[in-house]
Each structure stands twice: as C-alpha cells, then as structure tokens.
Amino acid sequence: MGRGGENYGKRENCGIDSSKQDTFPAWARDVKQCEEKYQVNQETGLLSAEVEKRRQIYGLNELEKHEGTSIIKLILDQFNDTLVRILLVAAIVSFVLAWYDGDEGGEMEITAFVEPLVIFLILIVNAIVGIWQESNAEKALEALKEIQSEHANVIRDGKKVSNLPAKELVPGDIVELRVGDKVPADMRVLRLISSTVRVEQGSLTGESEAVSKTVKVVPENSDIQGKKCMVFAGTTLVNGNCICLVTQIGMDTEIGKVHSQIHEASQHEEDTPLKKKLNEFGEVLTMIIGVICALVWLINVKYFLSWEYVDGWPRNFKFSFEKCTYYFEIAVALAVAAIPEGLPAVITTCLALGTRKMAQKNALVRKLPSVETLGCTTVICSDKTGTLTTNQMAVSKLVAIGSRPGTLRPFDVEGISYDPFDGRIQGWPAGRMDANLETIAKICAVCNDAGVEQSGNHYVANGLPTEAALKVLVEKMGLPEGHGSSSGHGDPQRCSQLWNKMEQRIATLEFDRDRKSMGVIVNSSSGRKSLLVKGAVENLLERSSFIQLLDGSIVELDQYSKDLILQSLHDMSSDALRCLGFAYKEELFEFTTYNGDEDHPAHQLLLNPSNYSSIESKLIFVGLAGLRDPPRKEVRQAIEDCRAAGIRVMVITGDNKNTAEAICREIGVFGSHEDISSRSLTGKDFMEHPDQKNHLRQSGGLLFSRAEPRHKQEIVRLLKEDGEVVAMTGDGVNDAPALKLADIGVAMGIAGTEVAKEASDMVLADDNFSTIVAAVGEGRSIYNNMKAFIRYMISSNIGEVASIFLTAALGIPEGMIPVQLLWVNLVTDGPPATALGFNPPDKDIMKKPPRRSDDSLITAWILFRYLVIGLYVGIATVGVFIIWFTHDSFLGIDLSGDGHSLVTYSQLANWGQCSSWEGFSVSPFTAGSQVFKFDANPCEYFHSGKIKASTLSLSVLVAIEMFNSLNALSEDGSLLTMPPWVNPWLLLAMSVSFGLHFLILYVPFLAQVFGIVPLSLNEWLLVIAVAFPVILIDEVLKFIGRCTTGLRYSGARKAPKHKAE
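Residues numbered from 1 in each chain as written. Predicted model: local features only at pLDDT ≥ 70, side-chain atom pairs only at ≥ 80, totals over all residues. Heavy atoms only, no water.

Asks: Give me the lowdown on the overall build of the protein chain, citing residues and values where you can.
Replies: For the protein chain, the helix and strand inventory stands at 38 helices and 34 strands. Residues classed as buried in the protein chain amount to 56% of the 1061 residues present. A sequence separation of at least 24 residues applies to 71% of the contacts in the protein chain between residues at least 6 apart. Here the protein chain displays about 44,600 Å² of accessible surface, and carbon together with sulfur accounts for 56% of that area. (Helix = DSSP H or I, 4+ residues; strand = E, 2+ residues; numbered from the N terminus. Buried < 20%, exposed > 50% of the residue type's maximum accessible area, 1.4 Å probe, protein only. Contact = heavy atoms within 4.5 Å. Areas by Shrake-Rupley, 256 points an atom, 1.4 Å probe, with all protein chains shown as cover.)

Asks: A description of the pairing of strand E2 (residues 159–165) should follow, citing residues and the corresponding values.
Replies: In this sheet, E2 lies alongside strand E1 (residues 151–156) in antiparallel orientation, the contact comprising five bridges. The residue of E2 that forms the bridge with Ala152 is Leu164. Here E1 folds back onto E2 in antiparallel fashion, the turn holding two residues, of which Asp157 has a positive phi close to 55°. (Pairing = 2+ DSSP bridges.)

Asks: How would you summarise the UniProt feature "transmembrane region" (unreviewed entry) in the protein chain if you had to cite specific residues and measurements?
Replies: In the numbering used here, UniProt assigns the "transmembrane region" (unreviewed entry) feature to residues 82–100, 112–132, 284–305, 325–353, 858–885, 985–1005 and 1020–1040. Overall, residues 284–305 shows 95% helix and 5% strand. The separation of its end C-alpha atoms is 30 Å. Helix and strand shares over residues 985–1005 are 95% and 0% respectively, and the end C-alpha atoms of the span are 30 Å apart. (UniProt positions renumbered as here; feature names shortened; annotations may be inferred.)

Asks: Would you mind going over the state of the cysteines in detail, with residue names and values included?
Replies: One pass over the full model with this rule turns up one disulfide. Across a sulfur-sulfur distance of 1.9 Å, Cys914 and Cys939 are joined as a disulfide pair. Negative torsions about the S-S bond denote left-handed disulfides, and the value of about -95° found for Cys914 with Cys939 makes this one left-handed. You can see Cys914 sitting in the loop between helix H32 (905–909) and strand E33 (925–927) and its partner Cys939 sitting in the loop between strand E34 (930–932) and helix H33 (947–967), a full 25 residues away along the chain. Left without a disulfide partner, Cys34 is nearest to the cysteine sulfur of Cys229, which lies 7.6 Å away. With no disulfide of its own, Cys242 lies 3.6 Å from the sulfur of Cys244, the closest cysteine sulfur. (Disulfide = S-S within 2.5 Å.)

Asks: Break down the nonpolar core for me, with residues and values.
Replies: Counting residues in each nonpolar core, the largest one holds 152 residues, and the members touching the most others are Ile347, Phe769, Phe789, Ile790 and Phe885. Top element by residues in this core is helix H28 (residues 769–810). It accounts for 17 residues. For this core, the two domains that each supply at least three residues are domain 2 (363–389 + 632–767) and domain 4 (781–841 + 858–902 + 947–1052). Not counting the four nearest positions on each side in its chain, Phe769 is found in contact with Ile380, Ser382, Thr387, Leu388, Val635, Ala638, Ile639, Cys642 and Val649. In terms of nonpolar packing, the next biggest core, distinct from the first, is built from 56 residues, Trp27, Val31, Leu190 and Ile255 among them. (Core = buried A, V, L, I, M, F, W, Y, C linked by side-chain atoms within 4.5 Å. Domains from an automatic or database assignment.)

Asks: Could you give an account of the sheet that holds E1, with specific residues and numbers?
Replies: Pairing within the open sheet is antiparallel, and its six strands lie in the order E2-E1-E3-E9-E4-E7. Edge positions in the open sheet fall to E2 and strand E7 (230–231), since each of these has one partner strand only.

Asks: Before we move on, can you summarise the sheet that holds strand E6 (residues 211–212) with the specific residues and values?
Replies: Adjacent strands of a sheet pair through backbone hydrogen bonds, lying either parallel or antiparallel. Spatially, the three strands line up as an open sheet ordered E6-E5-E8, and their pairing is antiparallel. In this open sheet, the two edge strands, each paired with only one partner strand, are E6 and strand E8 (236–239). For strand E5 (residues 198–200) and E6, the ladder comprises two bridges, and the chain directions are antiparallel. Counted as the bridge partner of Arg198 is Ser212 from E6.

Asks: Go over the packing of helix H14 (residues 435–446) against helix H16 (residues 494–502), please, and point to the residues and values.
Replies: Contact geometry of H14 with H16 gives a least axis separation of 9 Å together with a crossing angle of 90°. Between H14 and H16, the crossing angle belongs to the class labelled roughly perpendicular. Taken together, the residues of H16 that come into contact with H14 (itself represented by Glu438, Ala441, Lys442, Ala445 and Val446) are Ser496, Trp499 and Asn500. Split into classes, the residues belonging to the contact of H14 with H16 amount to four nonpolar, two polar and two charged. (Axes fitted to C-alpha atoms, helices over the stretch in contact; angles between N-to-C directions. Parallel < 35°, antiparallel > 145°, perpendicular 65-115°, else oblique. Nonpolar A, V, L, I, M, F, W, Y, C, P; charged D, E, K, R; others polar.)

Asks: Help me get a handle on the pairing of strand E9 (residues 242–248), residues and values and all.
Replies: Most of E9 is tucked away, with seven of its seven residues classed as buried. Judged from the four bridges that link them, strand E3 (residues 174–177) and E9 form a sheet pairing that is antiparallel. Of the residues in E9, the one forming a bridge with Leu177 is Cys242. Taken together, the six bridges between strand E4 (residues 186–192) and E9 define a ladder with antiparallel strand orientation. If you follow Val189 over to E9, its bridge partner there is Cys244.

Asks: I'd love a proper account of unusual backbone geometry, names of residues and values included.
Replies: Positive phi values are uncommon outside glycine, yet Gln39 reaches one of about 50°. Note on Gln39: relative accessible area 47%, which makes it partly exposed.

Asks: Can you tell me about the packing of helix H29 (residues 818–828) against helix H34 (residues 984–1002), naming the residues and giving the values?
Replies: Packing of H29 against H34 brings their axes to within 10 Å, and their N-to-C directions diverge by 145°. Remark: the crossing between H29 and H34 carries right-handed chirality. For the pair H29 and H34, contact is made by Trp823, Val827 and Thr828 and by Ser993, Leu996 and Ile1000, respectively. Among the residues making up the contact of H29 with H34, the classes are represented as four nonpolar, two polar and no charged. (Left-handed = near helix turned anticlockwise from the far one by under 90°.)

Written out as structure tokens, the structure reads:
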C-alpha cells in the first residue's frame, strides 16, 4: 500500500494513458498534473459521455462479491477426516450385512439396522455442525460493504449532482466532501473550501487522532499515514469541507485491498492444533484397526476356509460363506469398538461449555475450536489504540505559571477516560483557584467545540478527542471561586457551561496548519472583548509577548521564562504527551464594538484566514497541558501474567513511534530504561529488515509502529511459519486481514468495526487486553480437561478392542455385538466424558509455559498405561463371559440361581463343532421373567443361549468405564489426593450412565433391541468384583508415573531444544 501500483486489483487504474495508469501516484503530483492525467477540470467535472466511457473500462465503484464455497464442497469437506471415513466404511459394511441377514426376517432385522442407522445419524449431525460453522466465515466480507459510502455530491457537466449513488463514481470524477460525509472512493484533495479539513481514518490506518488533510504534494514512497493529500474510501470527514478528485474505485481502493486480503487469508485457514492431533490419532487408529482385523481373520481363517494336502500341495478347498460373513461382522465390530464415536459430540459439548465460561469473563467466542487453540497461544500480537490504551484522550499533566517570572507549577492529572469524575488533579487548590488557573480553565472551556456526554455506563466524546479531554479537565479543575462547590456527580459539563455563560463567544478563528492554533473572540462578563487561544506551544510562544503570573498580574515574557516553558514542553513530549498551550489577549482595538454583525468593518478581517496570525499576536501566555491516550490500568499486570505464562507480547500499531514506545515502557512491554533500538521498528523498517525471522525470534516484547495492514499480515504469517500459535487483536478495518490469518483473531466489542468482529474468532466485550489473558488461562484449563476425557474414551475403546480380539483369539462365541458397543461408546461413555470437562483448573496453570502445538496428545507412557488398562478390560469382559459358562460360583458369589448348564472351557472354545458332539444337552435357564429352552437344538446354547453371558460382559464393560472415569480425574494424581467429589458433576454423570444402562436392561423392548436380559443381585456383585480392580491397577501405574516424571520430561524436552539449535 505504500507505493502507488503495488497489489492493485484486477481492473486498470484511472487515466487515459493505460500504460502508466497502474503506477500514477496522485499524492506525489500537484493539482494541475492530476487534472491533466485524469483529463478533467475541477470547475466543470467530467462530461456524461466520458463517464459512460470510463465506466466501461473500470466498472462500478463497489467491492467484488467472491464466490462462496458451494454446499456440495462443504459437505464433502466434512468427510475429509480419518475417523469419519472409518465410521462411514463401518456403517456401509454393517448396512450391507444387515440387508444380507434381513432375508431371515423376524425380529433380528430391527437390531441389525440399528447400528448402521445410528452411525449414519452421527455422521449427518457432525456434517451439519461443520457446515454451519464454515458458512459463517464469509460474513467479514459482507460487513466491509456496510462501511462504504452510499451517496456522493459530484460535479458533472458543469453542474452539481447531489446524492449520486456512490457506486456510479468513475476515476476522474470531481466530488465535494462536507463535514460528516463518508468518503466514497480513494481521492486526491484538490482544494480546501474551509481553512482545515480533518478526517477520522483510524479504522483504516490505526491512528488514534483525526488527520489534517492538505493539498500539498508528499513523497512518492510515503506510507498510507503519510499521504496527507489523499482521502480514503470508508473514512469520515470530522471537520471542514473540500473538493476532491476520484483516483481509485472499487477493489483498487485501500479498503478494496483489505477486502482482497481478507479473502486471501480466509483461503489459508488451518486446522486447530487439536484437530491436527485427532487427525494424526485417526491415521494411527486406521493402521491399528487394519492390523487387528487382519489378525482376527488370520486366527479364524480355519473356520471358514479349509483344504487338504495332496502330493504336498493344498487341494480340495472348502469355503463357508456364512462363517466368512460372521468373522467379517467381528471385524466391523472391531472397527466400531476402536472408534470413539461419542468423541466429536463430547468435544463440541466441552467447547460449548468453555465458551459459556469465557462469556462470563467478557470473551465472546465466535468459533468453537478457537477455545482450545487459545490454550496453546505462544504470541499475542496486540494493537495499541483501544486495547492496551483506552482510546479516550485524557490530560495527564497541566503546567501553570508560578508566582514570579521564571517559575512553573506542574500538576499531575489522574483519570484515563472521558468520565469527569474519574480521578482528580494532585495537589489542586480545590475551591480556591488563583487567577492564572481560572484563565486556563476559561480557555479550555470556551475555546473548544467538543462535548462530553454519558452513554449508558460510560462517557463518550462529541467532536475532537483532544478538545473533549480539555472539557474533562475543566470539570476536574472545578468551579471558579464564588460560584459554589463543584463536588457531586451531577451534569458532566457543569463547569464548562458556567464558563460559556460568563464568556459569550461571538467569533471563531478556525484552526489552520500554518499558525497551528484556534482562537475565539468572547464578550466577557466584565463587558470587555477578549481573545482566547489554544494551539501548539512553540507557535503560541512565538506570538506571545507576556505571561500571566499566579495572581493574575501580567509581566513581559523574558528569554529565561520562554526557555523554561520550552524545556517543560520537551520533557512532556519525550513522555509521548501531545502538548497544547493556552494564551489570551485583551486589547482588541478593531473588535471593541464588534458583536458578530456581518456589516461591521471588523467582520471583513475574520473572513480572510491570512489575517488570523496578526490578530493572534502580542498574546499573554498562561500555561500548557499534556494529553495522551492513556494505558488501561489492568494491562501492566496482564503483561506480567503473560510473561509468567511464557507468552510473548508484540505491539503492532499504526500510531507514531515515540508515542508507542512511551506506552510500551509504561505498561511493561519494555523496561523503563531498557535499550529498545533493536526491539522497536516501524512497519516499513521491518519489511526492509535483512533477517525478519530472527528479529521476531527475540525473547521479550517487540514493537512495530506506523504499521499498515500488509505489515501486520506479514508478521503473523512469519510467526506462524516459525511454529508459533498467534493470537492477534484489532478493532479497525485495517486489522481484519491479520485477524483472519492469525490462529486466534480477537476483535474489540465496543470500539471494534463490524468488519473486524466478523473476521475474528473471539470478541472482547470490554475491549480489554487482560480479558485475553484470562481467556488463555480458561483455554488451557479446557484443553487439560479435553485431554482427560479423550484419554478416558480412548482407553475405553482399547478395552473393547482387546475384548473382541481375545474373543476371536480364544475362539469362544462373540461376547458383545456391535450395537452394544455403539451404545457404550455413544451413550454410556458420553456423560462421564462430558463431566470431565468440569474438572477444576490447576492452580499454577498460568505459571507454566504454553504447550507446543506439536506436543502429543498421548505420550508413550500414557499409551502404555492405557494398553495395560485396556488389556485388563479385555480380560475382565471375556473372563466374566467364560465364568458364566464354566463356573457355578466365583469369589464366593453363587451363580447357579438361574439354572443354566455348565460346559467345559474346551467345549466353549470349540463351540463350532457342537453338532458333532454326542449326548450333548443343556437344561433351560431363567433371566428375569423369560425362560430359555434348548430342547430342539442344544447347540443354540452358544447362540441365543449366550445372552446372559453377553449381558454380564456388557455390564462389566460399563462398570469398568465408570471406575475408569474416576482414574481420569488427574493424569498422575492419586484418588486419595484428588477424591471424586472435587468434580461433583462426574458423580452425577456416573449415576446417569448407570441409570441408562439399567434402562436398557429392565425395559423389555430396549432389552430386545440390544440383545440383553435383566441381571440378578448376585450377578451384579460379580460385575462389581470383576470391574473394581481397574482402579487399583491404575493407582499402581500412576504411582510409577509420579516416580518417573523427571526422567520422562527431561527426555521429552531435549528434542525440541536440539531442533531449535
């Protein structure tokens, strides 16, 4: 954006000579050259025929509408996830198998279709949530269009055309801008109609004050802030009016470039760290499932494929399709068992709960995954104006004249907002202001066009921020002596109104850039005319001949007093204060009888601004004030917290270097006496830096001033390339591309533009930097809790896989069917996993460095632990199945109450050969109110007769998983130090899960769907006895983990250090 032709959109720029039009720098050419280039006269404007011709070339003055992602592509993108693809395959296979089995008809049909339908339902819900989230991404571009002006006042064919639709402007059009107008295109200022023109362009450039515009040429390589003779689309005129020439329209304007950058940034959105981890985990899982399925088939190949050896070669192959599909179903069951189907739902729930917690801390999360990303933020790139500072000008120092020449009286002024009751003036003579202080108050109140009013809970400025700050100062100074007390929270402009009543303004000498001052002529209550002036201190001193002392007496301004005032000015300026001087004059001979009448001879003097300097001469200097956009009170502590948490803070601002450096020293980004020459650069200097990445790698804080949107984007891009997780704050249009590009875009809720909010992931309701730091702590806590429930769910799935694998390896009948596993994964595991999201955060969570985004979700030690736990789950579920078939009692628990027949382990393992056993018979057994008989076919005992054993297996699995959720309360902490009641939600969730399990056991219709039967009290005792040891096993593993923590972590941390070297 610095040079004219950089990065201009698709259309040609303005002008008739198309070979050079892309690089025509209107800001570096005088008015006559610009008129020649665009073949136009500012008095008559373009002819209608010429306008049509140019519209054919340049199109309409509007931002492009980018094609959004098609709904088909959005749907397909939702299946670009390994876990989802495995589930999809499992669903299709089980659907085909159910269809195949359906030929048998009857009740089996219902249960067979439950599983594929439930999986399809999960996939559909997951896809809908994903599509809804992604379709919100394009809204930032729509919000940009709201910023554009809708109408313009144009001169065409020698006539003024009012309210022409702004989209019909073409390069070369002559536009008149008036105060309050929104600029409709990028334009070159041709002529100032008023003596000054000021534009509020902070939302585009990041400057904290309105910028004075000029007709004068500026250097060709000026940055956007330096183009003083240009006005930009989307900015607003706050005072004056002028005639301008349209140079760029539509996508070629500065705001058009921001539009292109947002679109470009939205094309490069990356997965969050967690999504990457889950995808990696999914790939590993696919491989593991593949290997285990192959093993199950190899172990059982003898059951469906047999052959004989003839002459050393295998011959006479026999293949059983029925058995083959049976083991294929086992492989599908394995896939269902291995995938934590409930995980997407639990993650979404946990993130949603996180967003509610964050909303209570004033951080409104717009995109769910960003909650988790916040937790691993390593760099916060913060805007200065409005985030680190209040974006409300305030007087922080007042210097009055002393009791004798050569003495000054400095006062420190408290307060950081437009609230007149926020802070006071230190050492102030309340209620007994001397004559000198009264004069300062009078000038601040009367030589002032701004106002302050209450809006809700806060105060806002009307007019220029610097003038509003002076009005607030007047209220803090209080009422002049003899006019009552100024205490109490009444009218926020009480004192100013009194001064304006006492001193009636009759004429204004408008501010201009040459004399750098503003004056008002007033009719004083004493009946005399006087001139009150405020402006740049050096300029006022040049035109002052006297100073007013404390008691109101007037003495000549000597060189010593002048030097003393200039020294005070220098000290305040080096603290990045913006200084204004105050002066007045009482001998106005030409205006003695003037009362504002246009026919008065003196009125002619006021019509010509070149006379103002001579009117404002021989002034009496009374004092000066230092103003600034003050830092927020809580920011310093927040930056300390960032340092403790291992997060680096970089300040990127459009403001000037000195102001930004002073604020950074004050809030603790830099030390108060630290040499920051290598840490503070302008955006332009950084772009020309020979080694940008090394500059960004410096530890501690960094500052980039006078930064343009493309500089911000480049900084974010380089940091991300270096593996940093970047949170970027901003409030202006100029921040939107970088907000979109950052891992976490944080917009301001109060001062932020709609464009910034739409491009962001999170909005700060209170515009406060410390809210981001609180949100990072919350993000870390949420990640730790997510890690707990992800591990919990994965360890449960390992147990299910172990169970099915052992069943297949031992050759016993299938213990649990896929629909039961699906129920456990989705419903029974869901509540405890969600409740683990409520684990209280660690007390030292913001004292640890951020986790690296490539830190593994599951370390080798955790994987080993869960393999051990998983193996026990497998042994317990298969073990209880075998116990029921082979034992009538276990650990003193009688199991013979239902009358079932016992078989030997050998018979159970070779159940497929049952039809060849001689004399094999089984007696009926009861389950609840049902009686199972096997008179017709005793071998059915291993098919429909396994229903009780299968129910025991399922109940053991559910019980183990409930106990295992207690293990997940802490990664290494014992249940003795972290008892279950630290998270009462978990106890409630366990009750809900057991309740749901009882529901499917004891409601006949559900029991039929899931292929289970009710259990007796003794059978429940057996379930608890087999399940409880999982807690003891994990306690032993946790103890080993605590003892070896140091060894494991020192090993794990060596790798990244080596990588950095």
